[in-house]
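Chain residues, written in single-letter form:
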Amino acid sequence: MRILVLGGAGYIGSHTALELVKAGEEVIVVDNLVTGYRRAVPENATFYQGDIHDFAFLDTLFQKEQIDAVIHFAAYSLVGESVTNPLKYYDNNLCGTKVLLEAMVKHHVDKIVFSSTAATYGEPENIPILETDRTCPTNPYGETKLAMEKMFQWTANAHGLRYVSLRYFNACGADASGKIGEAHNPESHLIPLILQVPNGKRDAISIYGVDYDTDDGTCIRDYIHVTDLAQAHILAVHYLMNGGENNIFNLGNGVGYSVREVIDTARKVTGHPIPAVETPRRAGDPARLVASSEKARQVLGWKPEHASLEEIIASAWKWHKNHPNGYSD
């Protein structure tokens, strides 16, 4: 198959492109390199620097490359930034996807796997969260991702588009090779922030809120290894190629770890004391976010292979220890 990976120089996109190459697929990566890194793109993938807002670019691309399916990661994803600059998120995430879909419809490319998010649910009504639960985002990032899902649905009704939306929880870890990993600027994810302490980038890690209704008072999240996420995208492409219906799947381990548990595991993995500073809660942080991935397991045949928190953090540490400045090293 010839798979177009949009945003394939970013964190999850680059890991998915790598797993596709390993599986023997022909991979075409498109990225505007605003937040992605050229060095993260697999050597055996064809790379184009371009933007999904640019219809002429996409039009030429679809004419030149025979594409069987698209995997779409090309979106901004910082929750805090989306609150302070919502129009940036609507422009990139929604307007860019609209241009992409116009190009796909014109060139009769009818299969797309979409990188969505647990942020579409907002404050959860139930734990674990099911795909059928209420969607009520609490920030513009989640709102734009939910609107993108609905755009796929209406485009499917009108033009026969076939799509899978993958709503995932806390992506983390790095490829076993240690050659690619997580590199955000600014960094907002818990595990890389923790690992900045043993890397000498910060003195301590902040714990935002210690009075939640959880066993140790800190927030609980579902952490899923990035390589397991990548495999789910590949399974979703095969599902569509084999005639699967339009669908939405949660991706998580189904196990929640508290902030304190993550910090303690990082101490064990790195051998560093990692001082922690307790600070007040952040607005909008739910106490628990844990996914039910039973549907993905049953329908896609997906099973996380790197579910151990220790293994996840060890893979992340292998990357960050050798690349303390990300792809600048």
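Quick caveat, the model's predicted, so the values are computed rather than measured.

Draft legend 1. Main features of the environment of A103. By the element assignment, A103 lies in helix α4 (residues 86–106). Spatially, the C-alpha atoms of A103 and I52 are 9.5 Å apart, while their sequence positions differ by 51 residues. Excluding residues that lie within four positions of it along the chain, A103 makes contacts with F55, L58 and F62.

Draft legend 2. Structural detail: helix α8 (residues 259–270). Here α8 is 12 residues long and its end C-alpha atoms lie 16 Å apart, about the 16 Å a rise of 1.5 Å per residue gives. Those residues of α8 not exposed but buried are V259, V262, I263, T265, A266 and T270. Down the axis of α8, the sector holding all buried residues measures 165°, keeping them to one side. Against α6 (190–195), β8 (205–208), β9 (220–225), β11 (256–258), β12 (276–279) and α10 (309–322) lie the buried residues of α8.

Draft legend 3. Fine view of the side chain of S258. In this fold, S258 is placed in strand β11. At 2.5 Å, the side chain of S258 forms a polar contact with the side chain of D216. Apart from residues lying up to four places away in sequence, S258 is in contact with D216, T218, C219 and I220.

Draft legend 4. Focus on empty space enclosed by the protein. Per the counting criterion, the structure on display carries one cavity of 30 Å³ or more. Roughly 40 Å³ of internal volume is contained in the largest cavity. In terms of lining residues, the largest cavity is bounded by Y121, E123, P124, E125, I129, D133 and R134. When its residues are assigned to classes, the lining of the largest cavity shows three nonpolar, no polar and four charged.

Draft legend 5. Examining the pattern of salt bridges more closely. All chains considered together, the criterion is met by 15 salt bridges. R281 is paired through a salt bridge with D211; the nearest N and O atoms lie 2.8 Å apart. Residue R281 is found in the loop between β12 and β13 (288–289), and its partner D211 is found in the loop between β8 and β9; the two are separated by 70 residues along the sequence. R281 gets classed as partly exposed once you look at its relative accessible area, which sits at 44%. The salt bridge involving R267 is made with D264; its shortest N-O contact spans 2.8 Å. With a gap of three residues between them, R267 and D264 both fall in helix α8, about one helical turn apart. Of the residues examined, R267 reaches a relative accessible area of 28% and is grouped as partly exposed.

Draft legend 6. Highlighting the packing of aromatic side chains. Within this structure, the stated rule accounts for six aromatic pairs. Each ring, one from Y76 and one from Y89, has its centre 5.8 Å from the other, and the planes form 55°; the classification is tilted. Note that Y76 is positioned in the loop between β4 (69–72) and α3 (79–84) and Y89 in helix α4, a separation of 13 residues in sequence. In this structure, Y76 and Y89 share a single accessibility class: buried. Every member of this aromatic cluster is reached through a ring pair, and the members are Y37, W319 and Y327. The ring of Y76 has K88 lying over it, and the distance from NZ or CZ to the ring centre is 4.6 Å. For the cation-ring pair, K295 lies above F249, with the distance from its terminal atom to the ring centre recorded as 5.2 Å.

Draft legend 7. Fine view of α10. Over its 14 residues, α10 extends 20 Å from the first C-alpha to the last, a length consistent with the 20 Å expected when each residue adds 1.5 Å. All of the buried residues in α10 are L309, I312, I313, S315, A316, W317, W319 and H320. Considering only its buried residues, α10 is in contact with β7 (170–172), α6, β9, β11 and α8. With a side-chain oxygen lying 3.2 Å from the backbone nitrogen of E310, the N-terminal cap of α10 falls on S308.

Draft legend 8. Focus on the pairing of strand β2 (residues 26–31). Counting buried positions along β2 gives five out of six residues, so the element sits mostly inside the fold. Where strand β1 (residues 2–6) and β2 come together, five bridges link them in parallel fashion. Paired with V5 across the strands is V29, a residue of β2.

The rules behind each value
- Residues numbered from 1 in each chain as written.
- Predicted model: local features only at pLDDT ≥ 70, side-chain atom pairs only at ≥ 80, totals over all residues.
- Heavy atoms only, no water.
- Helix = DSSP H or I, 4+ residues; strand = E, 2+ residues; numbered from the N terminus.
- Contact = heavy atoms within 4.5 Å.
- Expected span 1.5 Å × (residues − 1).
- Buried < 20%, exposed > 50% of the residue type's maximum accessible area, 1.4 Å probe, protein only.
- Arc of directions from axis to C-beta.
- Polar contact = N/O pair within 3.5 Å; in protein donor to acceptor, adjacent residues only side chain to side chain.
- 1 Å grid on protein atoms, 1.4 Å probe; cavity = no way out; pocket = protein on both sides within 12 Å on 5 of 7 lines; lining within 4 Å.
- Points joined across faces, edges and corners; volume = space filled by probe spheres on them.
- Nonpolar A, V, L, I, M, F, W, Y, C, P; charged D, E, K, R; others polar.
- Salt bridge = Lys/Arg side-chain N within 4 Å of Asp/Glu carboxyl O.
- Phe/Tyr/Trp six-rings, centres within 6.5 Å; stacked < 30°, edge-to-face > 60°.
- Lys NZ or Arg CZ within 6 Å of the ring centre and 35° of its normal.
- Pairing = 2+ DSSP bridges.

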